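Fold and contact review
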Amino acid sequence: MSKKNDNTLVKNASFLMIAALISKIIGLIYKSPLSNTMGKESFGCFQFAQNVYFILLMIASFSIPQAVSKIMAERLAFKRYRDAQRIFKGALLYAVVVGGAISIFCVAGAPILVPERMSNARLALQFLAPTIFLSGILGVFRGYFQAYRNMLPTSISQIVEQIAVAVVALVMANFMVHHFADAPEDTLRSWSAAGATIGTGAGVFTALLFMVFVYQVNRKRIQKKIARDKVSVNESYRHVMKIIILIVAPILLSAFLYNVNGYINSMIYTTVSGVKGIKNSVVEGLYAECGFFLTIINIPLTLSSTAPTSMMPEVSGAYAMGNIAVGKGEN
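Residues numbered from 1 in each chain as written. Predicted model: local features only at pLDDT ≥ 70, side-chain atom pairs only at ≥ 80, totals over all residues. Heavy atoms only, no water.

Below, the discussion takes up the overall build of the protein. Looking only at helices and strands, the protein has eleven helices and zero strands in total. Taken from N to C terminus, the helices and strands of the protein fall in the order α-α-α-α-α-α-α-α-α-α-α. About 15,700 Å² of surface is accessible on the protein, with carbon and sulfur atoms providing 68% of the total. (Helix = DSSP H or I, 4+ residues; strand = E, 2+ residues; numbered from the N terminus. Areas by Shrake-Rupley, 256 points an atom, 1.4 Å probe, with all protein chains shown as cover.)

Next up, the structure:
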């Protein structure tokens, strides 16, 4: 790659790393007052619902940004702007269909996905269903700008998302706690956990609005490039969908196998606790403690994933053009 590409790669990786660090710090800070507002047991239910949500989210949209940035970057390398736009539209369709299906399963399958010992987390998981749907669409927009080697919109949207999550989660959790103060304990825990998850949805929705705004700002410039495009082959949407699925599948499988252990651990924990005769409130409280540790552990893992994300469009574009020599400039 050329020195210019190397500089772009470093700049993009820096944007994503700084944004990821800021987002994780905000996520770490707001969970302490959130736990104090809700109570440890309710926070444990919130954490369990989030754990199941992450698995469903992974299936629905985890690999979408990487897939979109890779496939579009390969076309943009040859200035096939019309074909790249078809990839974008096809990815939106994929996100809507898959995200919609997983969201429905999230609502209907909550009693199956959440064990009886953590039944107070079921409502919170169902509240996260719209978030799963919106996350897929958000992922497409993030992948779109990453393909154009512009990581700034993704970086800003991540920070905006986390701020909205923190603010809305605290406000809604506080509202639910006061609104259901005289209700039975299980009802209070269930609704306060559900209120906190509204913050997650609000964050994704806010980030999506921001990305749509950025898209509209850049739309005319992109449309001009599409109008001047003389080299696109006008790929069929059937072919586009096939490519998206083939790219998404291996990324999804590897990520799912790596991350599903958290859900399995939680199921084992609740099952063993039940066999031991531990009260549900104790189980919920102990799981809340686990949530704090998981938040801290995820910080270095998130930072380490920013480099591959920023490299994806650069490497994909260079490989598509046959420019695979390292440190020898453009071929």
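That covers the picture; the talk isn't over yet.
With that out of the way, let us pick up helix α7 (residues 129-147). Note: α-helices contain 3.6 residues per turn, so residues at a spacing of three or four share the same orientation. In this model α7 runs 28 Å from its N-terminal to its C-terminal C-alpha over 19 residues, within 8% of the 27 Å that 1.5 Å per residue would give. Most of α7 is tucked away: 17 of the 19 residues are buried. With its phi angle positive at about 60 degrees, Arg149 sits one or two positions after the end of α7. (Expected span 1.5 Å × (residues − 1). Buried < 20%, exposed > 50% of the residue type's maximum accessible area, 1.4 Å probe, protein only.)

Let us look at the confidence of the model for the protein. When the pLDDT values of the protein are averaged, the result is 82; 79% of them are 70 or greater. Per-element confidence in the protein is highest for helix α6 (residues 122-127), whose mean pLDDT is 94, and lowest for helix α11 (residues 280-320), whose mean pLDDT is 62. pLDDT under 50 marks residues 326-331. Its contacts with residues more than four places away, or in other chains, come to eleven contacts. (pLDDT = per-residue confidence, 0-100. Contact = heavy atoms within 4.5 Å.)

Tracing the chain through its elements places Thr197 in helix α9 (residues 185-227). Residue classification places Thr197 among the buried positions, given a relative accessible area of 0%. In contact with Thr197, not counting residues within four places along its chain, are Phe46, Ala124, Phe127 and Leu128.

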